[in-house]
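# Close look at the chain arrangement
Listed below, chain by chain, are the residues.
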2 protein chains.
Amino acid sequence: MTGLRERKKQRTRDALIRAAHELFITQGYEATTVDQIAEAVEVSQRTFFRYFTNKEEVALFVQGMVTGRFQEAFRTRPIDEHPMESLRHTLDATWDGLSLAIGEIVPLELHMKMWQVIEMTPALVTANLRLSLVMEEKLAMEIARRTGVDIDRDPRPRVLVAAFAGVMSAAGRQVGLCGDASLETARRVTNAYVDHLGPALSADWSRDHGSCTV
Amino acid sequence: MTGLRERKKQRTRDALIRAAHELFITQGYEATTVDQIAEAVEVSQRTFFRYFTNKEEVALFVQGMVTGRFQEAFRTRPIDEHPMESLRHTLDATWDGLSLAIGEIVPLELHMKMWQVIEMTPALVTANLRLSLVMEEKLAMEIARRTGVDIDRDPRPRVLVAAFAGVMSAAGRQVGLCGDASLETARRVTNAYVDHLGPALSADWSRDHGSCTV
DNA sequence: TTGTCAATTGTCAGTCGCTGACATTACTCT
DNA sequence: AGAGTAATGTCAGCGACTGACAATTGACAA
């Protein structure tokens, strides 16, 4: 099945990702040149660009895997569940399977450090948002399908997903910038953010809703 | 007061923006080179980069003005208003003053066409999201100030703003891609999206909430 | 095993976005 | 009118990215 050719490709791709991660983490994203990454894996720059369409892609590859997983997991939720509930549960499931999902490519610790680099680097922050966009559209379509609404007439699927994704991005930003690169913190802050969506919209904004110290 | 120097600078800057808009709209963003823009205004490429830090900036300059206006307008809302209400009213006010605000730089029609170009161009979509990010943070700070909550302990300001901004972006995407570049459509769709945030989160997703045909 | 085919890679040249350095021009103000 | 400063042009160069073509290397049949 998996010929030598395929395995070799897989190996260089993974090597490129790991080398890129290490360089980005130690030197920063902007200060790292594509030539350096290619050189670290002993391939030509041209080969790098045959594996990744641009420098951002190698930095966000793992993130892309995670959001891909998220989408898949979302579709397995019971169909009678409220979409927001489905999103919440899918989020939990994604956290649970994170290490397993990405472990073969990059150790969890490296991924968490890379997360910080991403949030520190404007170019990567926005490239990351583009990933969310793609996911948003897919999730909205899936929700529309499940709830039987016409996505071109009823804005609710896109609105719900947009709100969710917006809050997730904001949470991710906080996590990446807070200095604590532990999975637990990431999960706690993200959950807290999503949980506060209802209260934030509710009429009563009076007293403290705290308890989300980074 | 306004010496010849200042006026001249203003004029070349505006000329660059307008030339860029026309080129982007007719040829597309990627296909337009910075040299072309500079040449159209008869300045050197180097001068272009003294007015705008990069090619994206000239494309999103007007958008930046609008979001800047939005932030300012937000602060004039009564302090006892619910933040979401303030955002909604500020949105209305921004629509009302749009033509007046940008008219001196670029005619409204050009701006609306540019909007389509932006949503069609991945690089600009993401650069646009970066603008939103900056605004998000400022709005969240302002909301925290007004409501007297500690932004580092209570996630609600950031969550509320993130949800709002996410929905706005989604609406903007729909508007930009729907083919209809009229102000009325833009305003209608945007309002519809924001208005559906509550219903989308409510427990009852049963029947049609439509009426937002593009 | 060997030879053919196709996939992968390297090399090279070139475009485009963008920047620093320095000389040149153009306004301002006395 | 002339000194001083701000704006601009020119040039050289870096890094991301691409197309074209040649060289290498697995795959697979004879």
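Counting of residues starts from 1 at the beginning of each chain's written sequence and follows it residue by residue. Chains and ligands are labelled by the order in which they are written, letters from A for the one and numbers from 1 for the other. Only residues with pLDDT of 70 or above have their local features reported here, since the model is predicted, and side-chain atom pairs are shown and tallied only from 80 upward, although totals for entire chains, interfaces and linings are computed over all residues. Calculation of side-chain values draws on the structure's entire complement of heavy atoms; hydrogens and water are dropped beforehand.

A few words on the protein's contact with DNA strand C. In these notes, residues near a molecule or strand are those with any non-hydrogen atom within 4 Å of it. Taken together, 23 residues lie near DNA strand C, and Thr47 and Arg50 of chain A together with Leu4, Lys8 and Lys55 of chain B sit nearest. If you look at DNA strand C and keep only atoms within 4 Å of the protein, 52% of those are sugar or phosphate atoms. Under the rule applied, a polar contact is a pair of N or O atoms within 3.5 Å (in protein, one hydrogen donor and one hydrogen acceptor; residues adjacent in sequence only if both atoms are side-chain atoms). Between a phosphate oxygen of DNA strand C and a main-chain N or O atom of valine 34 of chain B, the distance comes to 3.3 Å. By definition, any uninterrupted DSSP run of H or I lasting at least four residues is a helix, any uninterrupted run of E lasting at least two residues is a strand, and each is numbered from the N terminus. For the surface near DNA strand C, the elements supplying multiple residues, two or more each, are helix H1 (4-27) and helix H3 (45-51) of chain A together with helix H1 (4-27) and helix H3 (45-51) of chain B. Here the residues of the surface near DNA strand C are counted per class, giving five nonpolar, eight polar and ten charged. Only Asp, Glu, Lys and Arg are considered charged, only Ala, Val, Leu, Ile, Met, Phe, Trp, Tyr, Cys and Pro nonpolar, and every remaining residue, Gly among them, polar.

The contact rule is simple, with two residues in contact once any of their heavy atoms fall within 4.5 Å. Contacts between the two partners involve 45 residues from chain B, matched on the other side by 44 residues from chain A. A combined buried area of about 4,000 Å² lies between chain B and chain A, and 67% of that area is made up of carbon and sulfur atoms. If you sort the residues of chain B by the area they bury against chain A, Arg153, Arg156 and Trp205 of chain B come out on top, with a joint share of 21%. Any carboxyl oxygen of Asp or Glu that lies within 4 Å of a side-chain nitrogen of Lys or Arg is treated as forming a salt bridge with it. Here arginine 173 of chain B makes a salt bridge to glutamate 136 of chain A, at a shortest N to O gap of 3.9 Å. Put simply, chain B and chain A have four residue pairs in polar contact (both at pLDDT 80 or more) between them. Counting residues per element, the side of chain B that touches chain A draws most heavily on helix H8 (residues 156-177) of chain B, at twelve residues. The quantity reported as buried area is the accessible area (1.4 Å probe) lost by two parts once they are put together, taken as the sum for both.

Copies are brought into register by a least-squares superposition over C-alpha atoms of residues with pLDDT of at least 70 in both. You can overlay chain B on chain A at an RMSD of 0.1 Å; the transform is a turn of 179 degrees with a shift of 0.1 Å along its axis. Taken together, the rotation angle and the small translation identify this as a two-fold axis. Relative to the rotation axis, the closest C-alpha in chain B is found at alanine 163 of chain B, a distance of 2.0 Å.

Attention now moves to the pattern of salt bridges. Throughout the structure, instances matching the rule amount to 26 salt bridges over all chains. Arginine 158 of chain A is the partner of glutamate 137 of chain A in a salt bridge, and the nearest nitrogen-oxygen pair spans 2.9 Å. On the criterion of sequence distance, the pair formed by glutamate 137 of chain A in helix H7 (residues 122-147) and arginine 158 of chain A in helix H8 (residues 156-177) is long-range, its members being 21 residues apart. For glutamate 137 of chain A, a relative accessible area of 30% corresponds to the partly exposed category. For aspartate 92 of chain B, the salt bridge goes to arginine 88 of chain B, with nearest N and O atoms at 3.9 Å. A residue pair is termed a helical-turn pair when its members lie 3 or 4 positions apart in one helix, as aspartate 92 of chain B and arginine 88 of chain B do in helix H5 (residues 83-102) at four residues. Type-normalised accessible area, obtained with a 1.4 Å probe on protein chains alone, sets the label of each residue: buried when under 20%, exposed when over 50%, and partly exposed for intermediate values.

Everything listed here is a matter of coordinates, which is why it stays silent on function.
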